[in-house]
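# Coordinate analysis (summary)
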Amino acid sequence: MNLVIYWFRTDLRLHDNPSLQKACQNADCLLPVFIHSTDDYRSTPWGFERKGLHRRRFLDASLNDLAQQLNGLGSQLYCYEGNPVDILTTLSNWLGAKAIYCEEIEAPYESKEVQSLQSCGIDVQTHWQSSMLDLGDLPFEPKNIPDVFTAFRKLIERKGLRFTSPIEAIETLPPLPKLDIDGIFASSFKDGDQSLLFDGGETAALNHLYQYLTKRLPDSYKKTRNELSRFDSSSKFSPWLALGCISARKIAHELHLYEEEFGANDGTYWLWFELLWRDYFRFIAIKYGVKLFHESGLGAKSALTFEQQSFSKWISGTTGEALIDAGMHELASTGFLSNRMRQIVASYWIYTMRGNWQAGAAWFESQLIDYDVYSNQGNWLYIAGHGTDPRGGRAFNIAKQVQEYDPNGEYRRRWASLI
Ligand SMILES: Cc1cc2nc3c(=O)[nH]c(=O)nc-3n(C[C@H](O)[C@H](O)[C@H](O)COP(=O)(O)OP(=O)(O)OC[C@H]3O[C@@H](n4cnc5c(N)ncnc54)[C@H](O)[C@@H]3O)c2cc1C
């Protein structure tokens, strides 16, 4: 009897989940597990928790949806809270599990979790599946990815790569083990509150994708993507992508079908282009690993200072600069911010307030419902000039940004205070 544990991480879905599919193929019975890591609730060095309220709500709603889908297939989602390595080791030993299957995440904490399990003698089968393009299809080894995005994109386009086809949704699951699982730990699954703007989970993610396409929004994407606040101005795929409620491959595949039906245009191309940025930061993380998490990143050594008073002003939106304050209020109120506003507030923190970019990145990690380790780290490094920006960092001129993106003050008035 092959008993397998499936450890859901940031792949909370049944469609296009090759790792889950492999687990099912190799299991006589399968235990689906999610673990709320206590590490997520510990404080950062800057004094706030790593996973703030908006993120927790969005995650709870997404887990709720996953749990319902598993129930529909006669299974169940077991949610635990604690140290993932301790919990999985105990579960594995108790159940006599043959293996643990999970997606591969190339980030320091997450890789260490897998290594620790393996060093306890557990067979952990990881599978890389969070990018739009498969690693094996790239025209170079991940360790040889060009540092500059444009050079990377050109190689991808020269090879004619668009996306890797998604696989079908899982429709049957092996049964649960017939053992007293509840006797090991208290399994907790709470029905979470919904986030303000976004409904969590795979069901909502797929509905959102089809609505976005039905409304023909890709056609206007290139023109509207830099707007500061209108919901339809950009795709808003990111929260669901971040938890893996939808895969990038599924989005790219549906976008391709859309192009076949309605024709390709600069909007559809640009949407793919942005998804390629997402892949790029993933592959850069594979290339450079833990180096990206050092203060100096890929740049020269720097001794960053941290000043609590100015940080408090920045995060609470009391800097006195109306556009920045509006952005920080929006972020704290909703857990979301447009790409343009992310760039503006990050640049202001780094270059005007002379702040520590790592503290800024940590604040985004705590607040953003679409927090994604690769995209957040990659973008912060890029703006701070410690990443792969050929221009060595991005200092934005606030007056110019105001003139271009909020000339009538609508955005500043809308977010003059928290809601
Ligand atoms: C300082 C900073 C921090 C960021 N942190 C995150 C983060 O934690 N999680 C996250 O998903 N994105 C992050 N981004 C990237 C980007 O801002 C968001 O992906 C985007 O705003 C999400 O909105 P959307 O889904 O409507 O994007 P769209 O404009 O509709 O783009 C479609 C998709 O392409 C991808 N994408 C777009 N822009 C980028 C980019 N610059 N880098 C990587 N992928 C991109 C996203 O998956 C997005 O959902 C960050 C950007 C900055 C400047």
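Residues numbered from 1 in each chain as written. Predicted model: local features only at pLDDT ≥ 70, side-chain atom pairs only at ≥ 80, totals over all residues. Heavy atoms only, no water.

### Some remarks on the overall build of the protein chain
Secondary structure assignment for the protein chain yields 17 helices and 5 strands. Reported as C-alpha extents along the three principal axes, the dimensions of the protein chain are approximately 65 × 50 × 40 Å. The buried share of the protein chain, reckoned over its 419 residues, is 57%. For the protein chain, the share of sequence-separated contacts (at least 6 apart) that also reach a separation of at least 24 residues comes to 78%. Counting only carbon and sulfur atoms, one obtains 48% of the accessible surface of the protein chain, whose full area is about 17,900 Å². Each charge class in the protein chain was averaged separately, 43 positive and 51 negative side chains, and the resulting centres sit 7 Å apart. (Helix = DSSP H or I, 4+ residues; strand = E, 2+ residues; numbered from the N terminus. Buried < 20%, exposed > 50% of the residue type's maximum accessible area, 1.4 Å probe, protein only. Contact = heavy atoms within 4.5 Å. Areas by Shrake-Rupley, 256 points an atom, 1.4 Å probe, with all protein chains shown as cover. Lys, Arg positive; Asp, Glu negative; His and termini not counted. Charge placed at Lys NZ, Arg CZ, Asp CG, Glu CD.)

### Here we look at the site of the ligand
Around the ligand sit 26 residues in total, of which Tyr221, Ser234, Ser235, Lys236 and Asn339 are the nearest. For the ligand, an oxygen atom lies 2.6 Å from a polar atom in the side chain of Ser234. A distance of 2.7 Å is found between an oxygen atom of the ligand and a side-chain nitrogen or oxygen belonging to Asn339. Relative to its unbound accessible area of 810 Å², the ligand is 97% covered by the protein chains. Broken down by secondary-structure element, the contributors of at least two residues to the shell around the ligand are α8 (238-242), α10 (266-288), α13 (339-352) and α15 (373-384). Residues belonging to the shell around the ligand are distributed by class as follows: 12 nonpolar, 8 polar and 6 charged. Here the shell around the ligand spans two domains, and each of domain 2 (130-167 + 203-293) and domain 3 (294-414) adds at least three residues to it. (Near = heavy atom within 4 Å. Polar contact = N/O pair within 3.5 Å; in protein donor to acceptor, adjacent residues only side chain to side chain. Nonpolar A, V, L, I, M, F, W, Y, C, P; charged D, E, K, R; others polar. Domains from an automatic or database assignment.)

### What to know about the sheet that holds strand β5 (residues 124-127)
Strand order in the open sheet formed by 5 strands is β3-β2-β1-β4-β5, and the pairing between neighbours is parallel. Every other strand in the sheet has two partners, leaving β3 (78-82) and β5 as the edge strands with one partner each. On average, each strand axis in the sheet is inclined to that of its neighbour by 30°, with strand direction left out of account. Relative to β5, strand β4 (residues 99-103) runs parallel, the two being bridged by 4 bridges. (Pairing = 2+ DSSP bridges. Axes fitted to C-alpha atoms, helices over the stretch in contact; angles between N-to-C directions.)

### Brief notes about the packing of aromatic side chains
What describes a pair of aromatic rings is the distance from one ring centre to the other and the angle between the planes of the rings. Under the defined criterion, the tally for this structure stands at 34 aromatic pairs. Consider the rings of Phe149 and Phe152, whose centres lie 6.0 Å apart with planes at 50°: the pair is tilted. A residue pair is termed a helical-turn pair when its members lie 3 or 4 positions apart in one helix, as Phe149 and Phe152 do in helix α5 (residues 149-158) at 3 residues. Across this residue pair, the class does not change: Phe149 and Phe152 are buried. Within the aromatic cluster, the residues linked to one another by ring pairs are Phe140, Phe149, Phe152, Tyr269, Trp270, Trp272, Phe273, Trp277, Tyr280, Phe281, Phe283 and Tyr382. The ring of Trp7 is capped by Arg9, whose NZ or CZ atom sits 4.2 Å from the centre of that ring. Across the ring face of Phe231, the terminal group of Lys236 is positioned such that the distance to the ring centre comes to 5.4 Å. (Phe/Tyr/Trp six-rings, centres within 6.5 Å; stacked < 30°, edge-to-face > 60°. Lys NZ or Arg CZ within 6 Å of the ring centre and 35° of its normal.)

### What to know about the domain arrangement of the protein chain
Segmenting the protein chain into domains produces domain 1 (1-129), domain 2 (130-167 + 203-293) and domain 3 (294-414). Centre-to-centre separation of domain 1 and domain 2, based on C-alpha positions: 25 Å. Every contact between the two is made by 19 residues of domain 1 and, on the other side, 23 residues of domain 2. Together, the buried faces of domain 1 and domain 2 total about 1,800 Å²; carbon and sulfur atoms form 60% of this surface. Taken together, domain 1 and domain 2 are joined by 1 salt bridge. Salt-bridge contacts for Arg249 lead to Asp16; the nearest nitrogen and oxygen are separated by 2.5 Å. There are 10 residue pairs in polar contact (both at pLDDT 80 or more) connecting domain 1 and domain 2. Sorting elements by how many residues they give to the side of domain 1 that touches domain 2 places helix α2 (residues 53-72) first, with 5 residues. The class makeup of the residues in the side of domain 1 that touches domain 2 is 6 nonpolar, 7 polar and 6 charged. (Buried area = accessible area lost by both parts, 1.4 Å probe. Salt bridge = Lys/Arg side-chain N within 4 Å of Asp/Glu carboxyl O.)

### Digging into the side chain of Ser19
Mapping Ser19 onto the fold places it in helix α1 (residues 18-25). Of the residues examined, Ser19 reaches a relative accessible area of 1% and is grouped as buried. Reaching out from Ser19, the side chain makes a polar contact with the side chain of Tyr6 at a distance of 3.1 Å. For Ser19, the contacting residues outside a window of four places in its chain are Tyr6, Tyr101, Cys102, Glu103, His127 and Gln129.

### Observations regarding the packing of helix α3 (residues 84-95) against helix α4 (residues 108-119)
The N-to-C vectors of α3 and α4 enclose an angle of 35°; their axes lie 9 Å apart at closest approach. Both α3 and α4 take part in a crossing whose hand is right-handed. Two secondary-structure elements touch here, α3 through Pro84, Val85, Leu88 and Thr89 and α4 through Glu113, Ser116 and Leu117. Residues of the contact of α3 with α4, tallied by class, amount to 4 nonpolar, 2 polar and 1 charged. (Left-handed = near helix turned anticlockwise from the far one by under 90°.)

### Digging into the packing of helix α9 (residues 248-262) against α10
Axes are the key here: two packed helices are described by the angle between their axes and the distance separating the axes. Across the interface, α9 lies against α10 with an axial gap of 11 Å and an inter-helix angle of 165°. Taken together, α9 and α10 sit at an angle that is classed as roughly antiparallel. Every pair of crossing elements has a handedness; the one defined by α9 and α10 is left-handed. Residues Ala248, Ile251, Leu255, Tyr258 and Glu259 of α9 pack against Thr268, Tyr269, Leu271, Trp272, Leu275 and Arg278 of α10. Tallied by class, the residues present in the contact of α9 with α10 amount to 8 nonpolar, 1 polar and 2 charged. (Parallel < 35°, antiparallel > 145°, perpendicular 65-115°, else oblique.)

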